[in-house]
Amino acid sequence: MKVTQAYRYALDPTPGQAAALASHCGAARFAFNWGLALVKAALSQREAEESYGVPGEHLTQAPWSLYSLRRAWNAAKDRLAPWWADNSKEAYNSGLDNLARALKNWDSSRKGTRKGRAMGFPRFRSKHRAASSCRFTTGAIRVEADRHHVTLPRLGTIRTAESTRKLARHLQRGTGRILSATVRFEGGRWFVAFTCEIDHADRVPARPDAVVGVDLGVKDLAVLSTGEVIASPKHHRAALRRLRRLNKQLDRRIGPRSPDGARRQPSARWAKTRAALGKAHARVANQRRDGLHKLTSRLAATWGTVVVEDLNVSGMLANRRLARAVADVGMAEARRQLTYKTTWSGGRLIVADRWFPSSKTCSGCGAVKAKLALSERTYACIECGLVADRDHNAALNLAALAADVAQSRGETLNARGGAVRPGVRAGRAPAKREPRKRGTLRRKPEAA
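The rules we used
- Residues numbered from 1 in each chain as written.
- Predicted model: local features only at pLDDT ≥ 70, side-chain atom pairs only at ≥ 80, totals over all residues.
- Heavy atoms only, no water.
- Helix = DSSP H or I, 4+ residues; strand = E, 2+ residues; numbered from the N terminus.
- Buried < 20%, exposed > 50% of the residue type's maximum accessible area, 1.4 Å probe, protein only.
- Contact = heavy atoms within 4.5 Å.
- Areas by Shrake-Rupley, 256 points an atom, 1.4 Å probe, with all protein chains shown as cover.
- Lys, Arg positive; Asp, Glu negative; His and termini not counted.
- Charge placed at Lys NZ, Arg CZ, Asp CG, Glu CD.
- Core = buried A, V, L, I, M, F, W, Y, C linked by side-chain atoms within 4.5 Å.
- Pairing = 2+ DSSP bridges.
- Axes fitted to C-alpha atoms, helices over the stretch in contact; angles between N-to-C directions.
- Salt bridge = Lys/Arg side-chain N within 4 Å of Asp/Glu carboxyl O.
- 1 Å grid on protein atoms, 1.4 Å probe; cavity = no way out; pocket = protein on both sides within 12 Å on 5 of 7 lines; lining within 4 Å.
- Points joined across faces, edges and corners; volume = space filled by probe spheres on them.
- Nonpolar A, V, L, I, M, F, W, Y, C, P; charged D, E, K, R; others polar.
- Phe/Tyr/Trp six-rings, centres within 6.5 Å; stacked < 30°, edge-to-face > 60°.
- Lys NZ or Arg CZ within 6 Å of the ring centre and 35° of its normal.
- Expected span 1.5 Å × (residues − 1).
- Parallel < 35°, antiparallel > 145°, perpendicular 65-115°, else oblique.
- Patch = residues over 30% accessible without salt bridge, like charges linked within 9 Å, V, L, I, M, F, W, Y side chains within 5 Å.

A. Molecular detail of the overall build of the protein chain. Across its full length, the protein chain carries eleven helices and 14 strands. The buried share among the 448 residues of the protein chain stands at 41%. Contacts in the protein chain between residues at least 24 apart in sequence constitute 65% of all its contacts with a sequence separation of at least 6. Accessible surface, the protein chain: about 25,800 Å² in total, of which carbon and sulfur atoms supply 51%. Positive and negative charge centroids in the protein chain, built from 83 and 37 side chains respectively, lie 6 Å apart.

Structure below.
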């Protein structure tokens, strides 16, 4: 099975190499801003020509695609940037490619052909706010045989802070091929990510016929239908004291904006505190990502069928009392990782419909409660007398969905990103939800 997989490694560049990396990322940002200014000028000229009654075939054409942007850049680079030869051509191509993708996403979103949230028109990238990144698709891109160095175009051989043996083994066996390399500055460190085409051997979970329901929550990271409880590490909460201190310290420094909003030169201590704050946030993100990877890898490698919920995370984040705790869990990231890891491991992932009442349904008799307050952590059924932990009861209901899906729709997977709403077993009544009418107050979201 061939998959597209990325391998990310921390770099340990020399001061000269770090300056070269920053120069390439700056070149990508320069090309992006130049192309965006060209597109906006062409659109303004086109709008003026339309107001004058110029026929459509004679209107100014805006360079919209990557090909047209590259052609315009090659014609103007000697005049606009005489120093362009100091960096690889891939740096400028990376910025123009990002601009072409942003324009396409905005146009598709405006026409309604793009799924997801609405995309705005591209904006200019600031040197101090935009992420420093650059992508290489051609040239000398390889992992050295010593497994501690990588080679990138125009940048040469750079030492890595960790071993590259996992990717090197695939390349040596011929089961992997590097498609591109992306360098990025994040949390005070340089990283390189190799996008590769990997030929994975067919795998089988340790328990291919077993089913597990996973109830993600705020109190606990996950509760399995087997009764296992994975406690929430709450990395952001643990680092909150340090983050608050650094934010207060940053506010006392001389930043790039004066109290009246005018621009000014920030102080060196402001830049130092800002870098420390970025490192603190990066550490929290890395800790959260590491924990989710370990959990999802274990679930995908052990269970043949994993059942999760299609949670309304954006709705939960709208609740100011739960927003910080919900964001600290990373529910959407856990589902994203399970989506591809279950496929790689030879299993399947079933996503319950968003309106399936997993917490309100009794796992014993199937009775559904009309209301269940978030403060009620123990589920007590008034029909059969079952008393169980709220999250464990929801996990059992999710695990029972696998049988419903197999009976009603067969092997219903979420490989295409869709959620399933299986049929109701005997003795169970689905909870009805009426659409919210205009002008009514939105119900507060509940955390599972």
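B. Geometry of the nonpolar core. Formed by 41 residues in total, the largest nonpolar core has its most connected members in Leu152, Val183, Val192 and Phe194. Take this core: its biggest share by element is eight residues, from helix α1 (residues 15-51). Apart from residues no more than four positions distant in its own chain, Phe194 is found in contact with Gln5, Ala6, Tyr7, Tyr9, Ile141, Val143, Val150, Leu152, Leu167, Ile178, Ser180 and Ala181. By size, the runner-up hydrophobic cluster in this structure holds 25 residues, among which are Val308, Val329, Leu338 and Leu349.

C. The arrangement of the sheet that holds strand β12 (residues 348-352) in detail. The five strands are arranged β10-β9-β8-β11-β12 in an open sheet whose pairing can be described as mixed. The sheet is open, and its two borders are formed by β10 (229-231) and β12, each paired with just one other strand. Going from strand to strand, the sheet's axes swing by 20 degrees on average, the running direction of each strand aside. One ladder, built from three bridges, connects strand β8 (residues 207-216) with strand β9 (residues 220-224); its direction is antiparallel. Across the sheet, the residue bridging to Leu216 is Ala222, located in β9.

D. The pattern of salt bridges, seen in detail. By the definition in use, this model includes 18 salt bridges. A salt bridge links Glu144 to Arg142; the shortest N-O distance between them is 3.0 Å. By relative accessible area, Arg142 is classed as partly exposed at 42%. Arg288 serves as the salt-bridge partner of Asp328, at 3.1 Å between the closest nitrogen and oxygen. On the criterion of sequence distance, the pair formed by Asp328 in helix α9 (residues 323-329) and Arg288 in helix α7 (residues 268-302) is long-range, its members being 40 residues apart. Here Asp328 matches Arg288 in class, with each residue buried. Overlapping salt bridges bring together Arg8, Arg184 and Glu186 as one network.

E. Quick peek at empty space enclosed by the protein. Summed over the entire model, instances satisfying the criterion amount to one cavity of 30 Å³ or more. Taken as a whole, the largest cavity spans an internal volume of roughly 50 Å³. Those elements that place two or more of their residues in the lining of the largest cavity are α1 and β2 (132-136). Broken down by element, the lining of the largest cavity gets its largest block of residues, three residues, from α1. Classifying every residue of the lining of the largest cavity by side-chain character gives four nonpolar, two polar and two charged.

F. View of the packing of aromatic side chains. With the rule as written, the count across this model stands at eight aromatic pairs. Look at Trp106 and Phe121: their rings are 5.0 Å apart centre to centre, the planes differ by 90 degrees, and that puts the pair in the edge-to-face class. Here Trp106, found in helix α3 (residues 89-111), pairs with Phe121, found in the loop between α3 and β2; they are 15 residues apart in sequence, far enough to count as distant. Using a relative accessible area of 26% as the deciding quantity, one classes Phe121 as partly exposed. Among the aromatic residues, those joined into a cluster by ring pairs are Phe30, Trp34, Trp73, Trp83 and Tyr92. Between the NZ or CZ atom of Arg110 and the centre of the ring of Trp106, over which it lies, the distance is 4.8 Å.

G. Fine view of helix α10 (residues 331-344). Counted at 1.5 Å a residue, the expected span for α10 with its 14 residues is 20 Å, and the 20 Å between its end C-alpha atoms agrees. Of all the positions in α10, only Met331, Ala334, Gln337, Leu338, Lys341, Thr342 and Trp344 are classed as buried. Residue Gly346 follows α10 closely and has a positive phi angle near 85 degrees.

H. Geometry of the packing of α1 against helix α2 (residues 66-80). Packing of α1 against α2 leaves a shortest axis separation of 11 Å and a crossing angle of 110 degrees. Relative to α2, the element α1 is oriented roughly perpendicular. Across from Phe30, Trp34, Gly35, Leu38 and Val39 in α1, the residues of α2 making contact are Leu69, Ala72, Trp73, Ala76 and Leu80. A breakdown of the residues in the contact of α1 with α2 according to their chemical character gives nine nonpolar, one polar and no charged.

I. Layout of the environment of Ser225. Mapped onto the secondary structure, Ser225 falls in the loop between β9 and β10. In sequence terms Ser225 and Lys115 are 110 residues apart; their C-alpha atoms lie 33 Å from each other. Apart from the residues lying within four places of it in its own chain, the contact partners of Ser225 are Val211, Val212, Gly213, His392, Ala395, Leu396 and Ala399.

J. Geometry of a positive patch on the surface. Taken together, the side chains of Arg165, Lys166, Arg169 and Arg173 make up a positively charged region of the molecular surface. Within the fold, Arg169 resides in helix α4 (residues 165-173).

K. Broad picture of the side chain of Ser94. Mapped onto the secondary structure, Ser94 falls in helix α3. The exposure class assigned to Ser94 is buried, which follows from its relative accessible area of 3%. Excluding residues within four positions of it along the chain, Ser94 makes contact with Cys134 and Arg135.

L. Region of the structure containing the sheet that holds β2. Across the sheet, which stays open at both edges, the four strands sit in the order β1-β7-β6-β2 with antiparallel pairing between neighbours. Because the sheet does not close on itself, it has two edges, and the strands there are β1 (2-10) and β2. Looking at each pair of strands side by side, their axes are set apart by 20 degrees on average, direction ignored. Alignment of strand β6 (residues 176-186) against strand β7 (residues 189-199), held across ten bridges, turns out to be antiparallel. Looking across to β7, one finds that Ser180 is bridged to Thr195. Here α4 sits on the sheet and contacts β1, β6 and β7; the angle it forms with β1, its principal contact strand, is near 140 degrees.

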